[in-house]
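# Coordinates in review
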Amino acid sequence: MRSHAPPTTTLMATMTMIVIMVMTMMAMEVRSVAAFTAPCPWLPRLSSMPSHSLLSQQQLRCGSSSRLRADGNNNSEAEEPAAGEPTLAEVPTDPAQYADLFNNDDFWDANLDEEGVKEMLDKHFKISAPKDGFWKNVIGSRAVIIRTAKKEGSNEGALEGTASGLLLGLSNNPTGLWIIGENQDPKHREKVLVAVKRSLVVASKDRPTTLRDSILMILGIVHDSQKKKSFGMLRVGEDESTFFFGEAKFRHKGNHEQQPTKVFLKPLDLATDRDVVAIFHTESGSGKTVELAASAHLRDAVVSVLKIIDVDIRTKESGDQRYNEAYESLTSSLKSVVQSKPIAFQTIIKEMNAWAEPTADGAKGDPESIRIVYCLDEASGCPNLVREIIRNYSRLGDEMGKYIANGCDGTIETTSRDIQVVFSVAGTGTHGNVVGSLGANYQSLEPSGRKVDKEVYEALVSEYDKGDARYQKIPSQEDLVKSTALLGIVGTHNARMASILIDQLFHSPFSYTHPHERAKLMSLVFQKFIGCNAMASLWNYSPANTDKELACTKTRMLVSGQSLATFLFPKPFTISPDDDKAAEKVRTLNYGIRFDDDEDPDANIYDDEPTSMYYLVRRYGLVAPNDFRHSSSKDRTLDQPFEVSEAMQLLCIWLMHGGTRLADGETRLGTAPHAFEVLSTQLVSCTISAAMTVALEDRPD
């Protein structure tokens, strides 16, 4: 009789297929972290069991016949422990039992040998391993994870993949389960990456010698390790980085969410005191936000904290009430940043607490402190807060430093080291908020990107791949200026415009060398520039709504004309020590040139009705006030109270002549066959239109 038993080869093939199917299903499920919240889905969570049970219960097993034994023996029956050895029969598999060990940076020290790891495991579980190789899988998994963490460019994603692979090999591997974590929490992966990379740097000859450098090193490791970045970084030059937390609206390349990757920074000219308040109040796109984000690099600090405060404090007059309101507003806004970036701040505090000052001649140095720059962006709407920051910058900085050191109301760990906070403030029109403040307490500064020097231009170009054929379309700044004067202005007088122009040269089909394509490039730059800020309201093209389009056109013509008139017809402004309205004139920008729709500058000076100049400066950012100080002893005269950069002048001409709507016809800004005549006519037309916006009694002859 023929036997119906399957051949051995067929049976083995079938078993192999089943194993492969099971392995595949496990791989598909590895991201469903809920499946790994306990060693076995049909057993209760081991972390909820008494600790004495965890070390002795056979329930630590999860199908021992289908799992590799720690010593490599796959017999289903476990060996009995030798007399006098601990009763821990198998390696624990619940990651909760390892939590304290895995959270210890020393466990992930890349320079720790296997014997050291074994000692840490024995000490953690209060045992002496019953036999050689007892911890083999845990130690081996740790080694695999560290090899991944050592790799250049490794991040959370790479470590997650490694941990998933470990789980496929050993379904209840505690290291793999802990690193993947519940709900795909990336904190464990980030912790391992940072601990491994930090141990490598500390053991190298490049070990930091100051607390600030040590914090910058660890922030760089954390930033590189994160798959989803929790804070920002800017490259300064070739080999330095600076970090920032919080809100930063760069509008790089005309995109709201994009930031530059590399920047060029000029040193800050803080002539009086490096701790005074730095003020940036230049026009839109001049690089104010970059200066804030990079303040830590410029001001010898570890990090910049950027914040936009929408509501001003109520008290106008200086005193305890205004100080208390300012302190409450600043600490509240700071706490919101800390709560949103707890890992980043905790990294700083932890490194401060772990730092030990290098010794010299056997004597320990004085405890080091750190500086943090609090940066208030878009500060035009907070005049009372800005004035209080300037008046009491030192006191507020000390108190905010103590607030951080004391844990920000329990949000982060505390530290006994000193933290000093210094302030940088930016916003179009912020200058009007500071005139009248103590002159020695602040310094008005010009961003590095206001005049796009060769270094700034090259930093913008460095973002593009030299190996890409399109890179050849980007000229040097010198060639750009020589080839086309108008695009040269765009590429040299406004950092954001320059970034948009370079991006368009790289991605668009147009060339700066083609005379008929230059106007198209300029229109693309201007249209994207105004679309990323409040100027967008000047370009609401609504062909289906004639009334709305007409109103928009009128506003666009008026704003452009007034901006050009500010440049063409400046009116000197004299401020006297005994002028009791001087501060309000400056705050409301009610000085210098008067426009046809403005009221008497001395009438209703304390009303909150904005002047025309208020809109040009604070809303649109087309015009910037020139810096001056109020003297308490003599009159001061400013011959040119306001400035309109060459890039903004060109933008206003473009706006007054319809922008892109005329670009296709090649009839504007020098693209027609008779370019000089056309451009001359446009300039004369704009000059006349600008003159018509000036108040009649101040109108030029």
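Description of the structure in this document.

Conventions adopted
- Residues numbered from 1 in each chain as written.
- Predicted model: local features only at pLDDT ≥ 70, side-chain atom pairs only at ≥ 80, totals over all residues.
- Heavy atoms only, no water.
- Helix = DSSP H or I, 4+ residues; strand = E, 2+ residues; numbered from the N terminus.
- Buried < 20%, exposed > 50% of the residue type's maximum accessible area, 1.4 Å probe, protein only.
- Contact = heavy atoms within 4.5 Å.
- Areas by Shrake-Rupley, 256 points an atom, 1.4 Å probe, with all protein chains shown as cover.
- Pairing = 2+ DSSP bridges.
- Phe/Tyr/Trp six-rings, centres within 6.5 Å; stacked < 30°, edge-to-face > 60°.
- Axes fitted to C-alpha atoms, helices over the stretch in contact; angles between N-to-C directions.
- Patch = residues over 30% accessible without salt bridge, like charges linked within 9 Å, V, L, I, M, F, W, Y side chains within 5 Å.
- Salt bridge = Lys/Arg side-chain N within 4 Å of Asp/Glu carboxyl O.

## Description of the overall build of the protein
- Within the protein one finds 27 helices and 14 strands.
- Counting only residues that meet the buried cut, the protein has 51% of its 701 residues in that class.
- Taking as baseline every contact in the protein between residues at least 6 positions apart, the subset at least 24 positions apart corresponds to 72%.
- A total accessible area of about 33200 Å² is found for the protein, and carbon and sulfur atoms account for 52% of it.

## Concerning the pairing of strand β9 (residues 419-426)
- Counting buried residues in β9 gives seven out of eight residues, a clear majority hidden from the surface.
- Relative to β9, strand β4 (residues 277-280) runs parallel, the two being bridged by three bridges. What sits directly across from Ala-278, in β9, is Ser-424.
- Two elements, strand β8 (residues 370-376) and β9, share seven bridges in a ladder whose sense is parallel. By the bridge assignment for β9, Ile-372 is matched with Val-421.

## Comments concerning the environment of Glu-156
- Tracing the sequence through the fold places Glu-156 in helix α6 (residues 156-169).
- According to the relative accessible area criterion, Glu-156 is buried, its value standing at 7%.
- For the pair Glu-156 and Pro-186, spaced 30 residues apart in the sequence, the C-alpha separation amounts to 6.8 Å.
- Once you skip the residues sitting within four places of it in the chain, Glu-156 turns out to touch Pro-186, Arg-189, Glu-190, Leu-193, Ser-225, Gln-226, Lys-227 and Lys-228.

## Examining the packing of aromatic side chains
- According to the stated counting rule, one finds 19 aromatic pairs in the structure shown.
- Measuring from centroid to centroid gives 4.8 Å for Tyr-464 and Phe-506, while their planes differ by 40 degrees, and the two rings are tilted. With Tyr-464 in the loop between α17 (454-461) and α18 (477-483) and Phe-506 in helix α20 (residues 495-507), the pair connects residues that are 42 residues apart, well separated along the chain. Residue Tyr-464 shares its accessibility class with Phe-506, and that shared class is buried.

## Thoughts on the sheet that holds β4
- Overall, mixed pairing links the eight strands, which are arranged β3-β1-β2-β5-β8-β9-β4-β10 in an open sheet. Only two strands of the sheet have a single neighbouring strand rather than two, namely β3 (262-263) and β10 (442-444).
- Sheet analysis places strand β1 (residues 232-236) next to β3, joined by two bridges and oriented parallel. Residue Val-236 lies in a different strand from β3, and its bridge partner there is Val-263.
- Along the sheet face, helix α13 (residues 342-354) touches β2 (240-246), β5 (303-307), β8 and β9 and points at about 120 degrees away from the line of β2.

## Things to note about unusual backbone geometry
- The residue Arg-251 is not glycine, and still its phi comes out positive at about 60 degrees.
- Assignment of secondary structure puts Arg-251 in the loop between β2 and β3.

## Digging into the environment of Val-559
- Take Val-559: it is sitting in helix α22 (residues 546-568).
- As for Val-559 and Met-613, which are separated by 54 residues in sequence, their C-alpha atoms are 9.5 Å apart.
- Setting aside anything within four residues of it in sequence, one finds Val-559 in contact with Leu-538, Leu-616, Tyr-620 and Leu-622.

## Some points on the environment of Lys-307
- Position of Lys-307 relative to the elements: it lies in strand β5.
- On a C-alpha basis, the gap between Lys-307 and Ser-333 in space is 7.1 Å, while along the polypeptide they are 26 residues apart.

## Notes on a nonpolar patch on the surface
- A cluster of nonpolar side chains, contributed by Val-684, Ile-688 and Met-692, occupies part of the molecular surface with about 300 Å² of accessible area.
- Assignment of secondary structure puts Ile-688 in helix α27 (residues 675-692).
- By relative accessible area, Ile-688 is classed as exposed at 52%.

## Let's talk about helix α25 (residues 646-656)
- Within α25, 10 of the 11 residues are buried, which leaves it mostly tucked inside the rest of the structure.
- Listed in full, the buried residues belonging to α25 are Ala-647, Met-648, Gln-649, Leu-650, Leu-651, Cys-652, Ile-653, Trp-654, Leu-655 and Met-656.

## Considering the pairing of β5
- Across the five residues of β5, five count as buried, placing the element largely inside the fold.
- Of the two faces of β5, the one lined by Val-303, Val-305 and Lys-307 and the one lined by Ser-304 and Leu-306 are each fully buried.

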